[in-house]
Amino acid sequence: MGTTALDTPEISVRGLKVRYGDREVLHGISFDVRHGETVVILGGSGSGKSTLLRTLVGLQKPSEGEVWVRGLDLARASEREMDELRKKIGLSFQGGALIGSMSVGENIALPLLEHSNLAPSTVEVMVRIKLEQVGLSGFEKYMPSELSGGMRKRAAVARAIAMDPEILFFDEPSAGLDPITAAGIDNLILDLKKAYSITTVVVTHELASAFLIADRILVIDHGNILAIGTVPQIQQCTNPRVRQFLDRVAESGDDDDKVDHLRMYTEGIRVKP
Amino acid sequence: MSATFQFLSGVGGIAEASLSYLGGLSQLTGRSLLLLVASPLKPARRLQRASRQAMIVGVRAIPIVSLITFFVGVIMALQGAYELRQLGAMQLVPALVAISITRELGPLITAVVVIGRSGSAFAAEIGTMRVTEELDALQTMALDPLAFLVAPKFLAMAVMVPCLAVWADLMGVLGGSLFGVASGNFTLMGFLIGTRDSLVVSDVVSGIIKSLVFGLVITAVGCQEGLSTGGGAEEVGKATTSAVVISILMVILIDVVFTALFYLTGGRS
């Protein structure tokens, strides 16, 4: 998009609220993601980070507030406009979400065949290149069910970068993987960042991974942003909830924390009348 | 007093839920048929997907549809002959088989087989894709799941179910003729000529029209159940079960309505 200058943010979120029924999951959050940077959204289970990601990629409509992605307001965009935007973003799902009835190669070829006018032979070459980039050369003919969890995630990344996206999203890239495989995925994200210098948004609860890949980290808890900053800034953050998360302290049984516990369960019920 | 009230409000609740379910079905059908005409996806690829579906729901159903309707034809001939023999009207067996098969049993048995093979499969396939986030993945690749998955199924079913029903008619009549020949009352040719003379075009056409509607309803229910699946494997099982049960119920209800309409609007001359 010609209008997107380098200094205007790729993603701009203003006062975003998301409700499921009468349960509010995100309580009005605001942040920007600049062109070319890698932002990690860090938070525990039930913090609202997955909802935030679903909203950024247009799977969930904002209930209130504005979400601008590459100059498009997601709250007001038509389906056609959304589809045009979706062709410029890639999302790597937590479980891979490869189409089970198609081989790995067909999965990666799918967006290319549907949205471009490339000849099938060209698509074949591109599939091979993308698979090579994620370290899965020669796995075109395998079915997703024949791959290990880590390989499936790599294949999902290959599909996400198939259309050479402008923004790349990762949902829990290292969840459910052993440390070595998880580190491999982190390296893959770093490699892609170097190779394409694209904007990357990663949702995770893995601290080590976040500190390794992030330019900036956004800590989210109970649907609110606790802290935004560079890796050193976050590491030195004094906010007690952030410290608790970083130092891996479990919720204790003190009276104060009981209230907190209650908040955890009733999280999001604080809807304005 | 309060019990009556509770009963009435229960009835009202069920009626409301059923109506909103039907509303959902017709919305899904309408949007899918619209997407067949005005799809954002490439025409060649769309046709390819629809023909692949047609292969699965139609061509591969031929053996089982043939087998079942052939035997239903035999059964109809046997049951008919049991009564007609006492009246000394055995020559009416071909007519009885032909009319019951083409107007009713051919389309109905076909619909039931298609529900078991394809309606359930639609619900399971789409439900699993919902659970594994594949539907979301399609959406984020700018491939609308309705246009990509559901619309080709509608097209395939709208074409293939009537075709299967016509094939079922043929096999039913052949089954009837097996009895005719075996019982020694007919030659094969004689039975087929008896069949031809007893049928009018509207018998077959009414069956085809019913089959078309059955096909649309089975697709709508199967896809709707799949799309509204909650999380988890158990939910996929439930969606599949309700797809089958609701489809059978709706096919029978539609059959009643259509048969009554055909009867009231003149039927056979």
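Scroll up for the structure.
A short tour of the structure in this document, coming up. As the structure is a prediction and not an experimental result, all values here were calculated from the model. (Residues numbered from 1 in each chain as written. Chains lettered and ligands numbered in written order. Predicted model: local features only at pLDDT ≥ 70, side-chain atom pairs only at ≥ 80, totals over all residues. Heavy atoms only, no water.)

**A closer look at the interface of chain A and chain B**
Taken together, the contacts link 26 residues of chain A with 19 residues of chain B. In total, chain A and chain B occlude about 1,900 Å² of area from one another, counting both sides; carbon and sulfur atoms represent 57% of this. Put simply, chain A and chain B have three salt bridges between them. Note that Asp136 of chain B is salt-bridged to Arg54 of chain A, the shortest N-O span being 2.9 Å. The interface formed by chain A and chain B holds eight residue pairs in polar contact (both at pLDDT 80 or more) in total. Residue assignment for the side of chain A that touches chain B shows that the elements contributing at least two residues are α2 (79-86), β6 (89-92) and α3 (104-115) of chain A. The leading source of residues in the side of chain A that touches chain B is α3 of chain A, at five residues. Of the residues that constitute the side of chain A that touches chain B, the class distribution is 12 nonpolar, six polar and eight charged. (Contact = heavy atoms within 4.5 Å. Buried area = accessible area lost by both parts, 1.4 Å probe. Salt bridge = Lys/Arg side-chain N within 4 Å of Asp/Glu carboxyl O. Polar contact = N/O pair within 3.5 Å; in protein donor to acceptor, adjacent residues only side chain to side chain. Helix = DSSP H or I, 4+ residues; strand = E, 2+ residues; numbered from the N terminus. Nonpolar A, V, L, I, M, F, W, Y, C, P; charged D, E, K, R; others polar.)

**Brief notes about the packing of helix α3 (residues 62-87) of chain B against helix α6 (residues 145-182) of chain B**
When two helices pack together, their arrangement is given by the angle between the helix axes and the distance between those axes. Residue and element names in this part refer to chain B. Where α3 contacts α6, the axes come no closer than 7 Å and their chain directions differ by 45°. As far as their axial angle goes, α6 and α3 are oblique. Judged by the sense of rotation from one axis to the other, the crossing of α3 with α6 is right-handed. Along its contact with α3, which presents Ile62, Val65, Ser66, Thr69, Phe70, Gly73, Val74, Ala77, Leu78 and Ala81, the element α6 presents Leu164, Trp167, Ala168, Met171, Gly172, Leu174, Gly175, Gly176, Leu178 and Phe179. When grouped by side-chain class, the residues that make up the contact of α3 with α6 number 14 nonpolar, six polar and no charged. (Axes fitted to C-alpha atoms, helices over the stretch in contact; angles between N-to-C directions. Parallel < 35°, antiparallel > 145°, perpendicular 65-115°, else oblique. Left-handed = near helix turned anticlockwise from the far one by under 90°.)

**Overview of the nonpolar core**
Core analysis: the biggest nonpolar cluster contains 61 residues, and Leu110 of chain A together with Val93, Leu138, Phe148, Val150 and Ile218 of chain B have the highest contact counts within it. Looking at this core, the elements with two or more residues in it are α1 (2-37), α2 (43-57), α3, α4 (93-131), α5 (134-140), α6, α8 (201-227) and α9 (233-264) of chain B. Take this core: its biggest share by element is 14 residues, from α6 of chain B. Setting aside its immediate chain neighbours within four residues, Leu110 of chain A contacts Ile99 and Met102 of chain A together with Arg45, Leu138, Met141, Leu143 and Phe148 of chain B. Counting 42 residues, the second-largest nonpolar core is a separate cluster that includes Ala158, Val202, Ile217 and Leu246 of chain A. (Core = buried A, V, L, I, M, F, W, Y, C linked by side-chain atoms within 4.5 Å. Buried < 20%, exposed > 50% of the residue type's maximum accessible area, 1.4 Å probe, protein only.)

**Describing the packing of aromatic side chains**
Scanning the entire structure with this criterion turns up four aromatic pairs over all chains. Aromatic side chains Phe139 of chain A and Tyr142 of chain A sit 4.8 Å apart centroid to centroid with 50° between the ring planes, which places their arrangement in the tilted category. Under the relative-accessibility criterion, Tyr142 of chain A is labelled partly exposed at 37%. With 5.6 Å between their ring centres and 85° between their planes, Phe70 of chain B and Phe71 of chain B make a pair best called edge-to-face. (Phe/Tyr/Trp six-rings, centres within 6.5 Å; stacked < 30°, edge-to-face > 60°.)

**Some words on empty space enclosed by the protein**
Taken as a whole and assessed by the stated rule, the structure comprises one cavity of 30 Å³ or more. Forming the walls of the largest cavity are 16 residues, and the residues nearest its centre are Ile89, Gly90 and Arg159 of chain A together with Thr140 and Met141 of chain B. The set of elements that each furnish at least two residues to the lining of the largest cavity consists of β6, α3 and α5 (149-160) of chain A together with α5 of chain B. (1 Å grid on protein atoms, 1.4 Å probe; cavity = no way out; pocket = protein on both sides within 12 Å on 5 of 7 lines; lining within 4 Å. Points joined across faces, edges and corners; volume = space filled by probe spheres on them.)

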